[in-house]
Every structure is written in structure tokens, then in C-alpha cells.
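Commentary on secondary and tertiary structure
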Amino acid sequence: GWGTAGGLGVPGRVVSVVDEAGVLMGKVEFGGVARNVCLAHVPDVSIGEYVLVHVGFALSRLDEVEAKRVFAMLEELSMLE
């Protein structure tokens, strides 16, 4: 669900995973732009999987079908503005 305070999460693809002093971090790619994201909420995530990211935290894993559905929804929203 979209139960995140302050807006929508954004789906991105995990491109790397690293343990930084006991905190799981990773690079997540959003349309060609990679950002550092905290992966503590999705400790079993694998490279190539999709996650829903909100303000620097991956909140949940998404399968590719769901990720594409969310991308399409976000595109529709931006076209409506």
C-alpha cells in the first residue's frame, strides 16, 4: 500500500548492496540515476530486484510487474499536473 507519510514511494532497481557498519545500504537506480538508499527494511533484497523507496529508505520489495505498474501510474500523475 501507499501508507507513507508525505507522498508516494518511488520504485527503483537495486544495483548494489553493501553493509555499512551493520546497516544494509545499497545503490538503487531510478530511470538511470543511482542513489544511495537504506535497505534495512528489506534485508533479503537481491541485486536486480525492485524496491519502493521513500525519502532514502526502501520500504518494501516489488516484483517487476508491480514496479512497471507503479511507473505507469506515476507517469500518468505527472501528465495530469
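Residues numbered from 1 in each chain as written. Predicted model: local features only at pLDDT ≥ 70, side-chain atom pairs only at ≥ 80, totals over all residues. Heavy atoms only, no water.

1. Thoughts on the overall build of the protein
Going by this rule: Where helices and strands are cited, they refer to DSSP runs of H or I of at least four residues and of E of at least two residues respectively, numbered from the N terminus. Relative accessibility decides the category of a residue: with a 1.4 Å probe and only protein chains considered, values under 20% of the type maximum give buried, values over 50% give exposed, and everything between is partly exposed. Contact between two residues is taken to exist if any of their heavy atoms lie within 4.5 Å; hydrogens are not considered. Residue burial considers only the protein chains on display, and all accessible areas are found by Shrake-Rupley using a 1.4 Å probe.
Within the protein one finds 1 helix and 5 strands. Counting from the amino terminus, helix and strand elements in the protein follow one another as β-β-β-β-β-α. For the protein, the residues scored as buried account for 27% of the 81 residues in total. Counting contacts in the protein only where the partners sit at least 6 residues apart, residues at least 24 apart contribute 32% of the total. Total accessible area on the protein is roughly 5,100 Å²; 57% of this is exposed by carbon and sulfur atoms.

2. Quick notes on the pairing of strand β4 (residues 50–54)
Selection rule: A pair of strands counts as paired when DSSP detects no fewer than two bridges linking them.
Most of β4 sits inside the fold, with 5 of its 5 residues counted as buried. With 4 bridges connecting them, strand β1 (residues 10–20) and β4 associate as antiparallel partners. The partner of proline 11 across the bridge, within β4, is leucine 52. The pairing of β4 with strand β5 (residues 57–62) spans 5 bridges and is antiparallel. The partner of leucine 52 across the bridge, within β5, is serine 60. Where β4 folds back onto β5 in an antiparallel hairpin, the turn is made up of 2 residues, including valine 55, whose phi is positive at roughly 40°.

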